[in-house]
Every structure is written in C-alpha cells, then in structure tokens.
Amino acid sequence: MSPSFPDATSLAHSVRNHEVSATSIVSTAIAQIKKHNPLLNCFTTVLAEKAMQDAAAVDAAITAGKDPGVLAGVPFGVKDLFDVAGIPTLAGSKINAEHPIAAQDATLVVRLKQAGAILVGAQTMDEYAYGFVTENSHYGASRNPHNPNHMTGGSSGGSASSVAGGLVPLSLGSDTNGSIRVPSSFCGIFGLKPTYGRLSRAHTYPFVGSLDHLGPFARSVRDLALVFDLLQGADPADPVCTQRSPQLCLPELTKGLEGLRIAVADDYFVKGADTEVLTALETVAKALGATQHITISEAHRARAAAFIISACEGSNLHLEDLRQRPQDFDFATRDRFLAGALIPATWYLQAQKFRRWYRDRVRELFSQVDIILAPTTPCPAPLIGQKTLMLDGQEVLLRPNVGLYTQPLSLIGLPIISVPVQRSGQLPLGIQVIAAPYNESLVLRVAAYLEAQGVVSAPVPDIDG
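What counts, and at which threshold
Residues numbered from 1 in each chain as written. Predicted model: local features only at pLDDT ≥ 70, side-chain atom pairs only at ≥ 80, totals over all residues. Heavy atoms only, no water. Helix = DSSP H or I, 4+ residues; strand = E, 2+ residues; numbered from the N terminus. Rg over C-alpha atoms; globule rule 2.2 N^0.38 Å. Buried < 20%, exposed > 50% of the residue type's maximum accessible area, 1.4 Å probe, protein only. Salt bridge = Lys/Arg side-chain N within 4 Å of Asp/Glu carboxyl O. Pairing = 2+ DSSP bridges. Axes fitted to C-alpha atoms, helices over the stretch in contact; angles between N-to-C directions. Core = buried A, V, L, I, M, F, W, Y, C linked by side-chain atoms within 4.5 Å. Contact = heavy atoms within 4.5 Å. Bend = angle between axes of the 7 residues up to and from the residue. Phe/Tyr/Trp six-rings, centres within 6.5 Å; stacked < 30°, edge-to-face > 60°. Lys NZ or Arg CZ within 6 Å of the ring centre and 35° of its normal. Parallel < 35°, antiparallel > 145°, perpendicular 65-115°, else oblique. Nonpolar A, V, L, I, M, F, W, Y, C, P; charged D, E, K, R; others polar. pLDDT = per-residue confidence, 0-100. Expected span 1.5 Å × (residues − 1). Polar contact = N/O pair within 3.5 Å; in protein donor to acceptor, adjacent residues only side chain to side chain. Left-handed = near helix turned anticlockwise from the far one by under 90°.

(A) Representation of the overall build of the protein. If you tally the helices and strands in the protein, you get 15 helices and 17 strands. For 465 residues, the compact-globule formula gives about 23 Å, and the C-alpha radius of gyration of the protein, at 20 Å, lands near that figure. With respect to the principal axes defined by its C-alpha atoms, the protein has extents near 60 × 60 × 45 Å. Taken across its 465 residues, the protein has 61% of its residues classed as buried.

(B) Main features of the pattern of salt bridges. Inspection of the entire model under this criterion finds 18 salt bridges. In this structure, R222 and D7 form a salt bridge, with 2.8 Å as the shortest nitrogen-oxygen distance. Note that R222 is positioned in helix α7 (residues 221–231) and D7 in the segment before α1 (8–16), a separation of 215 residues in sequence. Residues joined in a network through salt bridges with shared partners are K94, E98, R325 and D328.

(C) Inspection of the sheet that holds strand β8 (residues 170–175) at higher detail. Here 11 strands make up an open sheet; going across it, the order is β1-β3-β2-β8-β10-β9-β16-β17-β13-β11-β12 and the pairing mixed. The open sheet terminates on both sides in strands that have one partner only, identified here as β1 (43–46) and β12 (292–294). Pairs of neighbouring strands in the sheet enclose a mean axial angle of 30 degrees, with direction left out of account. Where β8 lies against strand β10 (residues 213–218), six bridges are found, and the strand directions are antiparallel. Within β10, the position partnered with L170 by the bridge is A218.

(D) Fine view of the nonpolar core. Core analysis: the biggest nonpolar cluster contains 148 residues, and L71, L373, I417 and L444 have the highest contact counts within it. Not counting chain neighbours up to four residues away, the residues in contact with L71 comprise A8, A12, L112, A115, G116, A117, L170, L226, V227 and L230.

(E) Quick peek at helix α2 (residues 22–40). At K34, α2 shows its largest kink, close to 35 degrees, and the proline P38 lies no more than four residues downstream. Among the residues of α2, A22, I25, V26, A29, I30, Q32, I33, H36, N37 and L40 are the ones counted as buried. A positive backbone phi angle near 50 degrees is found at N41, which sits one or two residues after α2.

(F) Spotlight on the packing of aromatic side chains. Inspection of every chain in the model, using the stated rule, returns 11 aromatic pairs. Ring centres of F329 and F337 lie 6.4 Å apart, and the angle between their planes is 80 degrees; on these two criteria the pair is classed as edge-to-face. In terms of burial, F329 and F337 fall into one category: buried. Three or more aromatic residues joined by ring pairs make a cluster, and in this case those are Y128, Y130, Y205, F207, F329 and F337. The ring centre of Y130 lies 4.7 Å from the NZ or CZ of R336, which sits over that ring.

(G) Looking closely at the pairing of strand β13 (residues 371–375). Of all five residues that make up β13, five are buried, and the element is covered over most of its length. Side chains of β13 alternate between two faces, with I371, L373 and P375 and I372 and A374 buried alike. Bridge count for strand β11 (residues 262–265) against β13 is three bridges, and the pairing is parallel. Bridge pairing links A263 to I372 in β13. Two strands pair when backbone bridges link them, and β13 and strand β17 (residues 430–434) are joined in this way by four bridges, in the antiparallel orientation. Of the residues in β17, the one forming a bridge with L373 is V433.

(H) Structural view of the environment of L342. Positionally, L342 belongs in the loop between α11 (331–341) and α12 (345–365). In this structure L342 comes out as exposed when scored by relative accessible area, which is 71%. In this structure, the C-alpha to C-alpha distance between L342 and C312, residues 30 residues apart in sequence, is 8.3 Å.

(I) Highlighting the packing of helix α9 (residues 299–316) against α11. Two elements in contact, α9 and α11, have axes whose closest approach is 8 Å; the angle formed by their N-to-C orientations is 100 degrees. Regarding the angle of α9 to α11, the classification is roughly perpendicular. Contact residues: α9 offers A311, C312, G314 and S315, while α11 offers F337, G340 and A341. In terms of residue class, the contact of α9 with α11 is made up of four nonpolar, three polar and no charged.

(J) A look at the confidence of the model for the protein. Predicted confidence across the protein gives a mean pLDDT of 97, with 99% of residues reaching 70 or more. Here strand β14 (residues 388–391) stands out as the least confident element of the protein, with mean pLDDT 93; β17 is the most confident, with 99.

(K) Examining helix α8 (residues 275–287) more closely. For α8, spanning 13 residues, the distance from its first C-alpha to its last is 18 Å, which sits close to the expected 18 Å at 1.5 Å a residue. Two residues or fewer past α8, G289 is found with a positive phi of approximately 65 degrees.

(L) Region of interest: the side chain of T377. With respect to the element layout, T377 can be found in the loop between β13 and β14. Of note is the side chain of T377, whose polar atom sits 3.0 Å from the side chain of S185. In this structure the side chain of T377 is engaged in a polar contact, spanning 2.9 Å, whose partner is the backbone oxygen of C379. Not counting residues within four places of it along the chain, the set of residues in contact with T377 comprises V182, S185, F186, V277, V402, Y405, L429 and G430.

(M) Spatial organisation of unusual backbone geometry. Residues G154 and S155 are joined by a peptide bond in cis, for which omega reads 10 degrees. With respect to the helices, strands and loops of the structure, S155 is situated in the loop between β7 (147–151) and α5 (157–164). The backbone phi angle of A91 is positive, close to 50 degrees, even though this residue is not glycine. With respect to the secondary-structure elements, A91 resides in the loop between β2 (75–79) and α4 (107–114).

(N) Examining the packing of α4 against α7 more closely. Across the interface, α4 lies against α7 with an axial gap of 9 Å and an inter-helix angle of 115 degrees. Classified by the angle between their axes, α4 and α7 sit roughly perpendicular to one another. Crossing hand, α4 versus α7: right-handed. Each of L108, R111 and L112 in α4 lies in contact with α7, whose residues at this interface are V227, L230 and L231. Per-class residue counts for the contact of α4 with α7 are five nonpolar, no polar and one charged.

Now the structure itself:
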C-alpha cells in the first residue's frame with residue numbers, strides 16, 4: 001500500500017490552493033486509521049469528531065479569504081504524553097487513565113494547530129516512555145508497517161508507525177535515550193531529536209527532566225525542517241526552553257555540502273553492529289565523501305551514566321504509585337523503576353559530574369568536524385516479543401541494547417536526525433547525522449543532500465499485502 005498522503009508540504013499546498021478540502025483529507029486519515037490501526041496499533045485515542053470540526057474551520061478560513069496556515073489541513077498525531085485538551089494524558093500507563101483530562105494542549109500541539117495542522121489522535125508508547133520497544137502490557141504492542149511481526153522500537157513507536165504506514169504524514173514524539181531515533185530507524189522514516197531545550201516541553205508528561213527532548217517524525221526532510229521551524233520559539237512554561245530566536249532550517253536545505261567537514265564515528269559506534277548496519281553506514285559516508293574517522297572517547301561510560309540518570313530521575317516521579325499500587329504498572333517498567341529507586345545518590349551525582357566532563361570533550365571534537373555519522377541501531381527491527389539479540393558474538397538483552405548508539409549522544413543533548421537508508425525488499429535501517437548544539441540546520445542540510453541523491457528515503461510499506 002502506498003502512503004495515503006503525499007508529503008505534508010504538498011498536501012497543505014493543495015488545500016491552500018482549493019484543490020482539495022481539509023475535511024476530505026481528514027476524513028481519509030480517519031478512515032485509514034480505522035482500517036489499519038487494529039493491526040498496527042499506533043493510536044490509543046482517535047479524535048475523529050474534533051478533527052473534522054477543526055478541518056471544517058480550515059476550509060471556512062480559506063473560503064473567507066483568510067490565511068489557514070502553512071500546514072493547512074495536514075493531519076498529525078502525537079505521542080500519548082503530550083497534553084491534548086479533553087482527554088487524559090495516558091503516557092502509556094493504566095494509572096494515568098484515572099487522572100483528570102488535560103485542560104489545554106501542549107505548547108507544540110498548539111503551534112502546529114496554529115499553522116493549520118489537524119490533530120487526529122494520541123499514539124501508542126512504552127509506559128511512561130521507559131522502553132525501546134513499544135510493547136505495552138496495557139495497550140498492546142505497536143507494529144511495524146513493513147512487517148507487522150516486527151517491532152516499531154520505542155518509546156515513540158506508535159508515532160513512527162503511523163507515519164511509516166501512511167496513516168498521517170506527521171507526528172510528534174519524545175526522545176530521552178533514543179525514543180525518536182530508534183523507531184525512525186526501525187520504521188524507515190526521518191526523525192529529528194533537536195538540541196536539548198530547543199523545543200518546549202510544556203504540558204507534556206515527563207520521564208527524565210534533564211534528558212527529555214521533543215521532536216517530529218516525517219517522510220521527507222522538507223517536512224521535517226518545516227515542522228521544526230514552526231515548533232521553535234521560547235516558552236516561559238518550560239524552564240529549560242532556550243531563549244534563542246528561531247533559526248529557520250528550511251531555507252538551508254539546498255546549500256549542499258560545501259564547507260562541511262564530515263567524519264564517521266568509529267570504535268564504540270561500530271562495535272556490535274550487524275554487517276548490514278555497517279554497510280548502510282558506509283553507503284551514507286561514501287555518498288557524502290566522508291573519509292575521516294573520529295573517536296568519541298568514553299562513550300561506553302556515557303551510556304552507563306545515561307542509564308543511571310534515567311533510572312534515578314524516572315523512578316523518583318513515581319515513588320508513591322510504586323509504593324501504593326505496583327500491580328498497576330507494566331511489569332517491565334515497574335521493575336526498572338524499582339531498581340532505579342535503590343541506586344545510591346552518590347552514583348547519580350557521579351553520573352552528572354561525568355556528564356559535564358563528557359559534554360566538554362565531545363564539543364571539542366566539533367572544532368575538527370561539523371558532522372559526525374553513526375548507526376542509529378545495531379540491527380534492523382527485531383521480532384515483537386524477542387528478548388535478546390547478538391552483539392559482538394554475545395547474546396544480550398534486547399530492551400536495553402537497541403539504544404546502544406543513541407544513549408551516549410542524548411546524554412549531552414546534541415541535535416541528531418536519523419535518516420532511512422535505501423534497502424530494497426529489506427527491513428529499514430537508520431543512520432544518525434550528528435552536529436554540535438543548535439546546529440539543526442546542518443543535520444537537516446546533510447539529510448536533504450542524501451535525500452536528493454537517492455541514498456535515503458522513506459520506503460513504502462505494503463500494509464494490505
């Protein structure tokens with residue numbers, strides 16, 4: 001099955017030029033969700049009635065000669081940790097279903113709506129965003145559109161699956177340790193984790209305050225850049241949101257590679273990867289003319305620090321529920337939180353101290369290069385229910401290790417895009433394009449070049465096949 005929609009930019013252009021109505025587009029999206037969500041399980045809540053009302057408002061604005069916004073009529077979904085007015089913010093949990101409904105939309109949801117985009121629903125995720133698989137004991141596993149027997153990755157699995165499967169052209173997710181990039185890799189789409197603090201997290205359910213990022217998924221670099229540009233901007237409701245003025249990326253996409261110094265991460269970032277992952281990395285490096293290799297020292301310790309910080313901060317948010325109602329957690333999430341609650345405070349302090357040292361060392365590398373390439377995941381999407389994978393000839397637990405290459409980079413908040421490498425007839429694979437803080441325009445510019453060369457693109461799944 002081809003995706004139901006062209007890219008979001010073209011779709012909005014058609015709406016704005018009276019070629020198609022927003023109501024017909026949203027009606028199609030809702031029909032596609034109704035048809036395919038029973039298999040893919042990427043939506044937990046569908047806002048059909050509200051979405052049709054919002055679409056009618058866009059059509060009315062156009063009829064009245066008003067500007068409906070650059071994303072007029074474009075359907076989108078959000079990971080179910082974004083507040084959406086009128087429904088509870090589940091965050092993948094059973095417990096949150098008992099919470100009051102959200103009184104207002106999250107800041108990023110508001111910004112997309114102001115641009116004319118139509119929210120059609122909230123999307124499946126790992127409980128409290130603590131996972132890399134989106135196999136949720138309360139709401140079921142999200143499934144990969146390229147092969148429903150395989151996982152989407154997590155924790156933003158439903159958001160990635162919905163875009164890869166063509167149910168919506170855009171979605172929003174979160175990334176603490178790799179939760180945008182891992183699903184992007186497994187599902188074969190573009191996913192952007194911006195610089196830490198670049199986008200507002202206001203009115204979203206937190207996982208790890210010092211590591212949480214929000215960002216978009218899309219099927220094209222142009223759509224990704226457009227959405228990121230719309231989402232930028234200071235927000236006093238998020239204390240870590242940057243006060244920097246928006247730096248528009250869309251105008252930068254056509255600048256090519258001139259002047260860019262690009263290197264491939266070696267050592268830690270190639271150990272354990274499947275041969276096909278290394279082949280994909282080589283393909284991207286060759287297309288970019290990248291012959292230099294660079295070592296990010298102490299990445300293994302950075303990953304350990306990320307584990308400690310995530311476990312400590314994450315568990316602290318849920319201590320009372322862990323004491324009072326442990327049976328209402330997803331067992332895998334509960335056990336990780338319980339372990340995190342027992343970590344000594346000195347470990348957490350040492351992890352944060354190391355984090356600052358590591359951040360400074362990695363930033364020094366960006367005096368030598370502008371872009372670093374690395375695998376996104378060590379393998380293509382594993383089977384749903386799979387418990388282990390092979391790394392360097394050893395069988396290891398799957399859940400903590402699909403984020404092998406993403407965690408050491410999330411720890412220090414670098415801007416990264418995962419790009420889907422062309423692999424005919426095979427499960428998708430992603431490669432990370434990494435830059436220094438606040439250089440989203442560079443990673444998007446490199447991704448646009450690769451897309452123009454035909455090296456990366458979002459493959460078309462056959463859901464009906």
